[in-house]
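Reading the structure
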Amino acid sequence: MEEDTGAFPRKEDFSRWYNEILWRAEIMDTRYPVKGLYVWYPHGFAVRKRTYRILQSLMDRDHAETMFPLLIPKTEFMKEATHIKGFEDEVYWVTHGGRNELDVPLALRPTSETAIYPMYSLWIRSHADLPLKLYQIVNTFRYETKHTRPLIRLREITSFKEAHTVHATREEAEAQVEAALALYQEFYDNLRVPVIASRRPDWDKFPGADYTIAVDTIMPDGKTLQIGTVHMLGDHFSRTYDITYEDAVGEQQYACQTCYGISERSIAAIISVHGDDAGLVLPPEVAPIQVVIVPIIVGKRRDEVLSTATALEGELRDAGFAVLLDVRDMRPGAKYYHWEMRGVPLRIEIGPRDIDANTVIAVTRDGQKTTLDRRGVVEGVFSVLAGFRTAIWKKARQVMANRITTAATLEETALAVKSGVVVIHWCGSQECAEKIETEVDASILGTDIRSDLITVSDGPCVACGGKGTSTLVARTY
Ligand code: 5CA
Ligand code: ZN
């Protein structure tokens with residue numbers, strides 16, 4: 001690929017920076033000729049693969065993986081009234097098989113409740129079958145009408161991880177909601193992406209849920225991105241799809257359910273939260289190449305440098321690092337630029353002077369330069385990468401902390417919400433919510449806030465002065 005000057009500065013126009021990074025770092029190709037559908041470049045897919053491996057390893061602790069069909073008969077889809085109402089404008093329908101009109105139109109799943117739950121009804125017989133905790137990673141289709149964006153608002157979500165659990169009691173289902181939140185928290189900790197969890201207001205909950213708790217991160221432009229949701233479904237779906245079990249005394253009971261999902265928005269979060277003007281910054285856990293070795297070749301000692309670099313590559317590979325030796329015939333500076341754009345966490349430079357001194361130069365993606373002893377290079381790389389992990393975590397948390405403010409009036413809120421999330425007091429009434437949302441030109445994100453960066457309290461509602469509790473307000477994606 002042609003090398004050129006750096007990407008657009010992130011601060012100036014985040015949206016433009018984001019779109020440029022996607023192709024410059026070879027994450028997504030946005031030229032596919034259907035709106036809202038994009039193509040993973042192999043490099044982007046390699047990041048996705050590592051990210052989803054982490055997600056799967058967390059899920060696999062106590063969930064089983066499965067796969068349900070993409071097509072859902074209209075008859076099943078239309079059963080749960082609230083759910084249909086929430087999704088009917090977003091569903092793609094398959095109406096024909098070849099030239100024949102289908103007797104029953106088939107929905108392309110926008111999410112899979114209505115595909116999975118009729119089968120759960122067949123599978124669950126007694127309390128011994130519970131809890132049931134399954135997940136799948138599939139593509140789903142939503143005819144989104146808001147502005148579509150790669151990885152963020154897709155019409156084909158390619159990497160929809162959805163979990164669906166069934167429990168004997170409401171208490172167990174509620175405990176599962178908390179367990180799912182803890183799992184998502186751990187997932188995002190692994191990606192070094194700080195999140196805030198909060199309970200969505202009733203009008204914003206998942207269609208068919210009792211309540212929804214979402215995790216959001218704050219993007220560089222101060223808007224929030226919802227990067228995961230956990231829904232308490234109660235018995236809404238179990239009554240509709242007849243998911244019952246025989247309890248210990250032989251009586252039929254409706255089961256209680258939860259579902260929770262994460263999409264490739266998680267990748268959008270990694271890119272946006274860590275990236276900088278030079279391109280991607282990848283946490284080592286998800287970097288397809290963790291260490292790139294750039295030989296500094298000057299004149300006569302070419303072979304010596306290359307053989308030393310090759311030996312180094314072998315050592316690091318044997319130690320388990322994803323390492324690449326860049327032997328292309330290019331200036332070192334151009335190579336640095338190339339790998340910085342692609343987010344490689346660590347670059348090692350090795351030239352004649354380093355060979356003489358028995359050292360190598362290690363430069364992390366955030367610009368920290370360390371001289372490593374050639375003999376202890378494996379330990380050195382481990383420790384430099386560990387330091388890098390901590391550094392990007394600290395930085396991301398600090399940036400998020402700086403973007404959270406509190407406000408006591410609507411005027412203060414309107415001003416503060418331009419640069420991030422605002423914590424206000426709200427009484428919980430829809431009337432006040434509408435007033436707040438129009439006057440500050442932002443959304444009520446949620447209550448029941450869970451974040452170690454925010455202290456919650458009670459106080460007078462910013463709209464009516466009545467008794468209120470801490471509430472997040474933000475401009476959202
Ligand atoms: N069945 C439930 C749980 S799996 C469900 O569909 N929940 S959801 O609608 O909230 O979606 C789960 C997550 O997918 C959201 O939190 C959001 O992060 C992501 N998501 C939703 N719509 C899109 C979209 N159009 N493009 C990309 N990601 C999306
Ligand atoms: Zn109020």
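Residues numbered from 1 in each chain as written. Chains lettered and ligands numbered in written order. Predicted model: local features only at pLDDT ≥ 70, side-chain atom pairs only at ≥ 80, totals over all residues. Heavy atoms only, no water.

The subject of this paragraph is helix H10 (residues 332–341). H10 sits mainly inside the fold: seven of its 10 residues count as buried. In this structure, the buried residues of H10 make contact with helix H1 (14–24), strand S15 (291–295), strand S16 (323–325) and strand S17 (346–350). Note on H10: the residue one or two positions beyond its end, Gly343, has a positive phi of about 80°. (Buried < 20%, exposed > 50% of the residue type's maximum accessible area, 1.4 Å probe, protein only. Helix = DSSP H or I, 4+ residues; strand = E, 2+ residues; numbered from the N terminus. Contact = heavy atoms within 4.5 Å.)

Moving on, we get to the domain arrangement of the protein. How big an interface is tends to be expressed through the accessible area that disappears when the partners come together. Along its sequence, the protein is organised into domain 1 (14–274), domain 2 (289–386) and domain 3 (405–474). The straight-line distance from the C-alpha centre of domain 2 to that of domain 3 is 49 Å. (Domains from an automatic or database assignment.)

The next point concerns the sheet that holds strand S19 (residues 369–373). Read across the open sheet, the five strands follow the order S16-S15-S17-S18-S19; overall the sheet is mixed. Of all strands in the sheet, those with a lone pairing partner are S16 and S19, marking the two edges. Here the average twist between neighbouring strands, direction ignored, is 25°. In terms of strand pairing, strand S18 (residues 359–364) meets S19 through five bridges, oriented antiparallel. Counterpart to Thr359 in the pairing with S19 is Asp373. Running over the sheet, helix H12 (residues 377–402) touches S15, S17, S18 and S19 and is turned about 155° from S19. (Pairing = 2+ DSSP bridges. Axes fitted to C-alpha atoms, helices over the stretch in contact; angles between N-to-C directions.)

Once that is clear, we can look at the pairing of strand S22 (residues 443–450). Where strand S9 (residues 196–199) lies against S22, two bridges are found, and the strand directions are antiparallel. Looking across to S22, one finds that Arg199 is bridged to Thr447. By the bridge criterion, three bridges tie S22 to strand S24 (residues 467–474) in an arrangement that is antiparallel. Within S24, the position partnered with Ser443 by the bridge is Ala474.

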